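So the chains spell out like this:
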Amino acid sequence: AQSVTQPDIHITVSEGASLELRCNYSYGATPYLFWYVQSPGQGLQLLLKYFSGDTLVQGIKGFEAEFKRSQSSFNLRKPSVHWSDAAEYFCAVGAGGGYQKVTFGTGTKLQVIP
Amino acid sequence: GAVVSQHPSWVICKSGTSVKIECRSLDFQATTMFWYRQFPKQSLMLMATSNEGSKATYEQGVEKDKFLINHASLTLSTLTVTSAHPEDSSFYICSALQGVPFSSYNEQFFGPGTRLTVL
């Protein structure tokens, strides 16, 4: 069975600073990897996904993530954080063809200070 | 992106009563929908996969007689929590799959969630 670990429960960054959220996965085959953002009162929104191909994936809102098979990681990055990025971020791994069986990490809550 | 709605957004009920939560895909048809449960400061846990016109597939440990799922149309799935108890209090989230199942040509769109509190 697949699993996801997000080691950072809570991260605080200053507005304009760079951001990296860590994600490690466990899955026997080639994983389908996702990053979602959850804001209060809103549904989870997909930031980006990796299925195959280029290991550096570009997403919405200026986010990117890099798939590193050797490290079983899929870290999310953003060069300059905006106050509106404050939210909860979930890494997820899918099996069985894309979204059929998605397992979520425990989330990282991002706080942005002015 | 596509829009998924949930109704109600929050509900408070007495112990022993049943509560129905609706999940609708507003601008696309979804043969597959998912129901998740999220505990405070924890991850989303997949409860079941809802397939239009067939029985839902429940994850291990989820009581199918307690959490009744009906996917009667391509745009509506319902989750009924029967004989609710305080331990059923949680945040329930649904999602709808747009695209081709079991392929990379699909995307899962999430509803905003329903906060259930059982007194």
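Data block above holds the structure.
Please read these numbers as outputs of a predicted model, since none were measured by experiment. The numbering scheme is per chain: residues are counted from 1 as the chain's sequence reads. Here the convention is simple: chains get letters from A, ligands get numbers from 1, in the order in which they are written. Only residues with pLDDT of 70 or above have their local features reported here, since the model is predicted, and side-chain atom pairs are shown and tallied only from 80 upward, although totals for entire chains, interfaces and linings are computed over all residues. Processing note: side-chain calculations cover all non-hydrogen atoms of the structure and skip hydrogens and water entirely.

S.K.: Sorry, what's going on with the overall build of chain A here?
M.R.: Broken down by element type, chain A carries zero helices and twelve strands. Secondary structure elements follow DSSP: runs of H or I of four or more residues count as helices, runs of E of two or more count as strands, with numbering from the N terminus. Walking chain A from its N terminus toward its C terminus, one meets helices and strands in the order β-β-β-β-β-β-β-β-β-β-β-β. Throughout, radius of gyration means the C-alpha value; the globule benchmark is 2.2 Å times the number of residues raised to the power 0.38. For chain A, the C-alpha radius of gyration of 13 Å lies close to 13 Å, the compact-globule estimate for 114 residues. Its C-alpha atoms give chain A principal-axis dimensions of about 40 × 30 × 25 Å. A total of 114 residues make up chain A; the buried ones form 47% of that total. Whether two residues touch is decided by their heavy atoms; if any such pair falls within 4.5 Å, the residues are in contact. Long-range pairs, those at least 24 residues apart, make up 55% of the contacts in chain A with a sequence separation of at least 6. Residue burial is assigned from relative accessible area. The probe radius is 1.4 Å, only protein chains are included, and a residue is buried under 20% of its type maximum, exposed over 50%, and partly exposed in between.

S.K.: It is not clear to me how the state of the cysteines should be interpreted in this structure. Could you clarify?
M.R.: The bond known as a disulfide is covalent and runs between the sulfur atoms of two cysteines. Residue and element names in this part refer to chain A. Two cysteine sulfur atoms make up a disulfide if the distance between them is within 2.5 Å. Summed over all chains, the structure comprises two disulfides over all chains. Two residues, Cys23 and Cys91, share a disulfide whose sulfurs are 1.9 Å apart. Between Cys23 and Cys91, the S-S dihedral sits near -65°, and the bridge is therefore left-handed. A residue pair is termed long-range when its members are at least 10 positions apart, and Cys23 in the loop between strand E3 (19–21) and strand E4 (24–26) and Cys91 in strand E10 (residues 87–95) qualify at 68 residues.

S.K.: Sorry, what's going on with the nonpolar core here?
M.R.: Only buried residues count toward a nonpolar core. Its members are Ala, Val, Leu, Ile, Met, Phe, Trp, Tyr and Cys residues joined through side-chain atoms within 4.5 Å. Leu19(A), Trp35(A), Leu47(A), Leu48(A), Phe74(A), Leu76(A) and Tyr89(A) are the most contacted members of the largest nonpolar core, which totals 26 residues. Elements supplying a minimum of two residues to this core: strand E2 (10–14), E3, strand E5 (32–38), strand E6 (45–50), strand E8 (64–68), strand E9 (73–78), E10 and strand E12 (108–113) of chain A. Looking at this core element by element, the count peaks at four residues for E10(A). For Leu47(A), the contacting residues outside a window of four places in its chain are Trp35(A), Tyr36(A), Val37(A), Gly59(A), Ile60(A), Lys61(A), Phe63(A), Leu76(A) and Tyr89(A). Counting residues in hydrophobic clusters, the runner-up holds 25 residues, among them Val4(B), Met33(B), Phe67(B) and Leu116(B).

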